[in-house]
Amino acid sequence: MPHDHHHHHVALDGPKGDRNLVLAIAVNLGLTVAQVIGGILSGSLALVADALHNLSDALSLVIAALARRVARKPADAGMTFGYARAETVAALINYTTLIVLGLYLCSEAIMRLLDPQPVAGWTVVIIAGIALVVDLVTAGLTFAMARDSQNIRAAFLHNLADAAGSIGVIVAGVGILTFDWWIIDPIVTLLIAGSILWLAFREIGGVIRVLMLGTPPDLDTEDVLDALAATDGVTDVHHAHLWQMDEHRPALQAHLVLSERDWARSESIRNEVKLTMQHRFGIRHVTLELESCDFECPDRHRIGHD
């Protein structure tokens, strides 16, 4: 089946998207200050947990904004592939931060479960309600951009997890007000931490795959190589590498052995292969080394080199 790898970047890829990110950063920093103060005054660990997550939201958005600017730089002598992977690096930083934060909150919640503390319910409910509104606004500001960028998607998922956390904190506040259940505060904190860890571990694999030069997840390597080998005039395919230059651009490098009778039309074979790779698999960056049957590489491996 042909694969459609054309990504339609939304208008928010430019200055308007940058403005949305700056606004989201400012709102989240302001909310973090309010939540920390409210958490200290009310004695709520869940509210402080939500505040720390909001701070990580703001930092993730700062990293995302900086990475977007770096990623737009053209290729140069120092970075011949360009700077697009800056966004992938930023996503890795953001997901790693989420994992560390989630583990920290788990440890704090367990300590609080062993020693429950009094919590002021009304303060928790009011500030968590404000936080929920801010989280939803921030998620709205980044939603459109998240569809086309691992980097922005990491920041967007920060906000979704934080919105879920705010709902949990509201539930905790209501439980404290209604039943005087102080223990619900660390329980909600554990749930917030669990959601953070689940989101981070679910998404970080794809980011690591790009950085490790893994094959695109929607392409089957054997299908691609079989298509190369099926080209008229090609007798063997070896030393093949299929990887992602960045989140959106797959790349292919391979050695093709041509039959002696077809060597005269080697350039037309090369062009045919490139068109096949582009139309069937969406691979536009294709580097091919052509060999004749009389001068094949020794120690050939279909995939990779020794």
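As a reminder, the structure under discussion sits directly above these lines.
Residues numbered from 1 in each chain as written. Predicted model: local features only at pLDDT ≥ 70, side-chain atom pairs only at ≥ 80, totals over all residues. Heavy atoms only, no water.

(A) Structural context of the overall build of the protein chain. Across its full length, the protein chain carries 8 helices and 3 strands. Starting at the N terminus, the α and β elements of the protein chain follow one another as α-α-α-α-α-α-α-β-β-α-β. Its C-alpha radius of gyration of 26 Å places the protein chain more than 25% over the 19 Å reference for a compact globule of 306 residues. The principal-axis extents of the C-alpha atoms in the protein chain amount to approximately 85 × 40 × 35 Å. When burial is assessed residue by residue, the protein chain has 49% of its 306 residues classed as buried. Of the contacts formed within the protein chain by residues at least 6 apart in sequence, a portion of 78% connects residues at least 24 apart. As displayed, the protein chain offers around 15000 Å² of accessible surface, 66% of which is attributable to carbon and sulfur atoms. On the protein chain, the mean spot of the 21 positive side-chain charges and the mean spot of the 34 negative ones are 7 Å from each other. (Helix = DSSP H or I, 4+ residues; strand = E, 2+ residues; numbered from the N terminus. Rg over C-alpha atoms; globule rule 2.2 N^0.38 Å. Buried < 20%, exposed > 50% of the residue type's maximum accessible area, 1.4 Å probe, protein only. Contact = heavy atoms within 4.5 Å. Areas by Shrake-Rupley, 256 points an atom, 1.4 Å probe, with all protein chains shown as cover. Lys, Arg positive; Asp, Glu negative; His and termini not counted. Charge placed at Lys NZ, Arg CZ, Asp CG, Glu CD.)

(B) Expanded view of the side chain of Asp-246. Within the fold, Asp-246 resides in the loop between strand S1 (234-244) and strand S2 (250-258). Judged by relative accessible area, Asp-246 falls into the buried class, the value being 7%. A distance of 2.9 Å separates the side chain of Asp-246 from the backbone nitrogen of His-248, its partner in a polar contact. Apart from the residues within four sequence positions on either side, Asp-246 is in contact with Ala-84, Arg-85 and Val-210. (Polar contact = N/O pair within 3.5 Å; in protein donor to acceptor, adjacent residues only side chain to side chain.)

(C) Structural context of the packing of helix H7 (residues 221-229) against helix H8 (residues 266-281). Look at H7 against H8: their axes get within 10 Å of each other, and the N-to-C directions meet at 145 degrees. Here H7 and H8 pass one another in a crossing that is right-handed. Here H7 contributes Asp-223, Val-224, Ala-227 and Leu-228 to the contact with H8, which in turn contributes Val-273, Met-277, Arg-280 and Phe-281. Grouping the constituent residues of the contact of H7 with H8 by class yields 6 nonpolar, no polar and 2 charged. (Axes fitted to C-alpha atoms, helices over the stretch in contact; angles between N-to-C directions. Left-handed = near helix turned anticlockwise from the far one by under 90°. Nonpolar A, V, L, I, M, F, W, Y, C, P; charged D, E, K, R; others polar.)

(D) A look at the packing of helix H3 (residues 86-114) against helix H6 (residues 184-211). Interaxial distance between H3 and H6 falls to 8 Å at its minimum, and their mutual angle equals 155 degrees. Compared by their axis directions, H3 and H6 come out roughly antiparallel. Crossing geometry of H3 relative to H6 is assigned as left-handed. For the contact of H3 with H6, the class distribution of residues is 26 nonpolar, 4 polar and 3 charged. (Parallel < 35°, antiparallel > 145°, perpendicular 65-115°, else oblique.)

(E) Structural view of the packing of aromatic side chains. Using the criterion set out here, one finds 0 aromatic pairs in the structure. For the cation-ring pair, Lys-73 lies above Tyr-83, with the distance from its terminal atom to the ring centre recorded as 4.4 Å. (Phe/Tyr/Trp six-rings, centres within 6.5 Å; stacked < 30°, edge-to-face > 60°. Lys NZ or Arg CZ within 6 Å of the ring centre and 35° of its normal.)

(F) Region of the structure containing unusual backbone geometry. At Leu-213, a position not held by glycine, the phi torsion is positive, near 60 degrees. Tracing the chain through its elements places Leu-213 in the loop between H6 and H7. Of note, the phi angle at His-239 is positive, near 50 degrees, even though the residue is not glycine. Locating His-239 in the fold gives a position in strand S1.

(G) Representation of the pairing of S1. Counting buried residues along S1, 8 of its 11 residues qualify, which places the element largely inside the surrounding structure. One ladder, built from 8 bridges, connects S1 with S2; its direction is antiparallel. Bridged to Leu-242 within S2 is Leu-252. Adjacent in sequence and paired antiparallel, S1 and S2 are bridged by 5 residues. (Pairing = 2+ DSSP bridges.)

(H) Expanded view of a nonpolar patch on the surface. Taken together, the side chains of Phe-179, Trp-181, Ile-183, Ile-187 and Leu-191 make up a nonpolar region of the molecular surface, amounting to roughly 520 Å² of accessible area. Following the sequence through the fold, Ile-187 ends up in helix H6. Judged by its relative accessible area of 38%, Ile-187 falls in the partly exposed class. (Patch = residues over 30% accessible without salt bridge, like charges linked within 9 Å, V, L, I, M, F, W, Y side chains within 5 Å. Salt bridge = Lys/Arg side-chain N within 4 Å of Asp/Glu carboxyl O.)

(I) Fine view of the sheet that holds S1. Spatially, 3 strands are ordered S1-S2-S3 in an open sheet, and the strand pairing comes out mixed. For this open sheet the edge positions go to S1 and strand S3 (285-292), each flanked by a neighbour on one side alone. This sheet shows a mean twist of 15 degrees between the axes of neighbouring strands, independent of strand direction.

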